[in-house]
Amino acid sequence: PIYENTRTGGIWGRTTGSHWNFVAVPYGTKEIKIKLTPVYQNVRYQDCTFYTGKEQEAFYKIFAQSVITFFVSALIVILGFGMIVYWCIVHRKAEIGNSLLHLGMFSAIFGVWSANETDAMMLIVRDRIAASFMAYILLMLMGIPFVLFVREFLNIGDRKLWKVLFAINTYEMVFVLGLQFFGIADMKETLWLTHMMLCIALFYMIGCLLYKAFRHQIDRHAKISTVGMILLSTATVTDIVLYYRHIGDADLFGRFVFLAFVLMLGYEAAFYAVDTIEKGRKAKVYEELAIHDVLTGLYNRNAYMEDMSQMKSARGKMFVSFDLNNLKECNDGHGHVEGDTYLRNAARIIEKIFDPYGKVYRIGGDEFCCIVEHAARCPILFCIEGMRTEEEKYNSDPEHYPIHIACGYAQFDPERDESFEGTRNRSDVSMYENKSNIKQKMHIEDSRR
């Protein structure tokens, strides 16, 4: 004997794994007798391929013949992991669902399994027993992400059937592995169960498409899925038939069709994700416009009314009221452009001082307010003094139309206020008193001039 391979997988099964055997033939050999003993009866009639020549030449010849199929499988793996990474990135930006994630997982699993079945991998990976065991595990794992992808991609709303299929698939895996490790039957011998589960996953997709057709919900996703289903079903059935008839490898036809399937549905899922992000971005813009004042950037009256209606307790809160003096005179004497500048700069001063302590709103033409959540933490007199300092700093420039902000405040008092609206009324009274004092001060200053 010049070569013998009797190694088995031990607890991993009786298989020696699918691999190429390179046998060094002694110089001057006239005849070689080869005896093959099948581990499993269902492969006893399977043909074996023989090459003669130098080992390196045979290696490169075998590798070259399978490099295209290996490249296609590797591309499917790359696309699968690419979809998973892409989902991880965009999922943080918008709620896009998990269809892209599930398709990526399915693609990565299929691609690794498919690559493992190529002659190129048989040459590269020496431990063929481990590779064979991994191939069966990957094959059993394919159905779960595929069903999850179909359910979410087609937006079926199935709440029970997918869980049943998930449970059956899990039990099938446990059952098959149990038979394997107890030495009752190898995964090669129970492969028909795994093939049956894959067919059930395909029937699930067909059923979902028929359900949408019956309910007249054939949208873009359903149309693309129909084409993909036809391709995938044809490839799967063809490969299973070829496998049981011992023609070619385990994925002779499927990997090429599956690449088209991944590209087609992956593009659709990615396009949908991008579209969802864009819609979310626009919705956020519209939401911002709905609650913010366009001119000043502060929260507007809509936001103020919503916050007031949602307020559960006024205890510990403070209301600060603001009103701008002489805005009408500014508009009448210098135009509305200058009036808008007045409003923006006044808003900037109020926001700069009071924003650290609460939300600042523009609730009317020249009316502003601030709701302070924790009155005890707001040094209100210090804040008002700071606001006056900012006013003087701004008004020191003779080119600026002078800003005068009337301000009043009140803290919620359960003995005086039935609600926070009562606190606002007391704040407004305080503000109007301040407004009157400012006008008197301005009138005195004008008289002196």
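Criteria and thresholds
- Residues numbered from 1 in each chain as written.
- Predicted model: local features only at pLDDT ≥ 70, side-chain atom pairs only at ≥ 80, totals over all residues.
- Heavy atoms only, no water.
- Helix = DSSP H or I, 4+ residues; strand = E, 2+ residues; numbered from the N terminus.
- Buried < 20%, exposed > 50% of the residue type's maximum accessible area, 1.4 Å probe, protein only.
- Contact = heavy atoms within 4.5 Å.
- Areas by Shrake-Rupley, 256 points an atom, 1.4 Å probe, with all protein chains shown as cover.
- Salt bridge = Lys/Arg side-chain N within 4 Å of Asp/Glu carboxyl O.
- Expected span 1.5 Å × (residues − 1).
- Pairing = 2+ DSSP bridges.
- Axes fitted to C-alpha atoms, helices over the stretch in contact; angles between N-to-C directions.
- Parallel < 35°, antiparallel > 145°, perpendicular 65-115°, else oblique.
- Patch = residues over 30% accessible without salt bridge, like charges linked within 9 Å, V, L, I, M, F, W, Y side chains within 5 Å.
- Phe/Tyr/Trp six-rings, centres within 6.5 Å; stacked < 30°, edge-to-face > 60°.

### Observations regarding the overall build of the chain
Right, on to step 1. For the chain, the count of helices and strands is 14 helices and 4 strands.
Right, on to step 2. Evaluated residue by residue, the chain yields a buried proportion of 43% over its 449 residues.
Right, on to step 3. Here the analysis covers contacts within the chain between residues at least 6 apart in sequence; of these, 70% occur between residues at least 24 apart.
Right, on to step 4. For the chain, the computed accessible surface area is about 26300 Å², with 59% contributed by carbon and sulfur atoms.

### A closer look at the pattern of salt bridges
Right, on to step 1. Inspection of the entire model under this criterion finds 11 salt bridges.
Right, on to step 2. In this structure, D293 engages R362 in a salt bridge whose closest nitrogen and oxygen atoms are separated by 3.3 Å. Here D293, found in the loop between α9 (254–291) and α10 (301–310), pairs with R362, found in strand β2 (residues 358–362); they are 69 residues apart in sequence, far enough to count as distant. Each member of the pair, D293 as well as R362, carries the same accessibility label: buried.
Right, on to step 3. Where D332 meets K328, a salt bridge forms, and the shortest distance between an N and an O atom there is 2.9 Å.

### Looking at the side chain of T423
Right, on to step 1. Residue position: T423 is located in helix α14 (residues 420–448).
Right, on to step 2. Exposure remark for T423: the relative accessible area of 0% places this residue in the buried category.
Right, on to step 3. Those residues in contact with T423 that sit more than four places away from it in its chain are F319, A410, Q411, F412 and D417.

### With respect to helix α4 (residues 128–141)
Right, on to step 1. Taking 1.5 Å per residue as the helical rise, α4 with its 14 residues ought to reach 20 Å, and the 20 Å between its terminal C-alpha atoms agrees with that figure.
Right, on to step 2. Turning to α4, its buried residues are R128, I129, A131, S132, F133, A135, Y136, L138, L139 and M140.
Right, on to step 3. On its buried face, α4 sits against α2 (99–116), α3 (119–124), α5 (143–153), α6 (161–181) and α7 (191–214).

### Quick word on the sheet that holds strand β1 (residues 318–324)
Right, on to step 1. As summarised here, the arrangement of the 4 strands in space is β2-β3-β1-β4, forming an open sheet in which the pairing is antiparallel. Two strands close off the open sheet at either side, each with one partner strand: β2 and β4 (405–411). When strand polarity is set aside, the average angle formed by the axes of neighbouring strands in this sheet is 15 degrees.
Right, on to step 2. For β1 and strand β3 (residues 367–372), the ladder comprises 6 bridges, and the chain directions are antiparallel. Note that in β3 the partner of F322 across the bridge is F368.
Right, on to step 3. Together, β1, β2, β3 and β4 form the strand contacts of helix α12 (residues 336–354), whose direction differs from that of β1 by roughly 155 degrees.
Right, on to step 4. In the packing of helix α13 (residues 380–395) onto the sheet, the strands contacted are β1 and β4, and the crossing angle to β4 comes to about 170 degrees.

### Describing unusual backbone geometry
Right, on to step 1. Despite not being glycine, N326 shows a phi value in the positive range, around 65 degrees.
Right, on to step 2. Its location among the elements puts N326 in the loop between β1 and α11 (327–334).

### Looking at the pairing of β2
Right, on to step 1. Here β2 lies mainly inside the structure; 4 of its 5 residues are buried.
Right, on to step 2. Alignment of β2 against β3, held across 5 bridges, turns out to be antiparallel. By the bridge assignment, G358 is partnered in β3 with V372.
Right, on to step 3. Hairpin connection of β2 to β3: 4 residues between the antiparallel strands.

### Things to note about the packing of α5 against α6
Right, on to step 1. One can describe the packing of α5 onto α6 by two numbers: an axis separation of 10 Å at closest approach and a directional angle of 175 degrees. Accordingly, the angle class assigned to the pair α5 and α6 is roughly antiparallel. The segment α5 lies against α6, with G143, I144, V147, L148 and R151 engaging W162, L165, F166 and N169.

### Some remarks on a nonpolar patch on the surface
Right, on to step 1. Where nonpolar side chains cluster on the molecular surface, the patch consists of I2, Y3, V23, V25, I32, I34, L36 and F50 and spans about 770 Å² of accessible area.
Right, on to step 2. Following the sequence through the fold, F50 ends up in the segment before α1 (55–90).
Right, on to step 3. A residue is classified by how much of its surface remains accessible, and F50, at 53% relative accessible area, is exposed.

### Details of the packing of aromatic side chains
Right, on to step 1. Scanning the model with the defined rule gives 13 aromatic pairs in all.
Right, on to step 2. Centre to centre, the rings of F59 and F63 are 6.5 Å apart; their planes meet at 5 degrees, and the pair counts as stacked. Here the residue F59 and the residue F63 both occupy positions in helix α1, the gap between them amounting to 4 residues, near one helical turn.
Right, on to step 3. F59 gets classed as partly exposed once you look at its relative accessible area, which sits at 23%.
Right, on to step 4. On the basis of relative accessible area, F63 is assigned to the partly exposed category, the value being 25%.
Right, on to step 5. Geometrically, the ring pair formed by Y304 and F319 is edge-to-face, given 6.3 Å between the ring centres and 75 degrees between the ring planes. Of the two residues, Y304 is situated in helix α10 and F319 in strand β1; the sequence distance between them amounts to 15 residues.
Right, on to step 6. Taken together, the ring pairs in this structure connect Y299, Y304, F319, Y361 and F420 into an aromatic cluster.

### Observations regarding the pairing of β1
For a regular strand, side chains alternate in direction, first toward one face of the sheet and then toward the other.
Right, on to step 1. Burial analysis of β1 places 7 of its 7 residues in the buried class, which makes it a mostly covered element.
Right, on to step 2. Taking every second residue as pointing to the same face, both faces of β1 are buried, with M318, V320, F322 and L324 on one and F319, S321 and D323 on the other.
Right, on to step 3. Pairing of β1 with β4 involves 7 bridges; the strand directions are antiparallel. Looking across to β4, one finds that M318 is bridged to Q411.

### As for the packing of α6 against α7
Right, on to step 1. For the pair α6 and α7, interaxial distance at closest approach is 11 Å and the crossing angle is 170 degrees. In this view, α6 runs roughly antiparallel relative to α7, as classed from their interaxial angle. Contact residues: α6 offers L161, W162, L165, I168, N169, E172, F175 and V176, while α7 offers L193, T194, M197, I200 and Y204.

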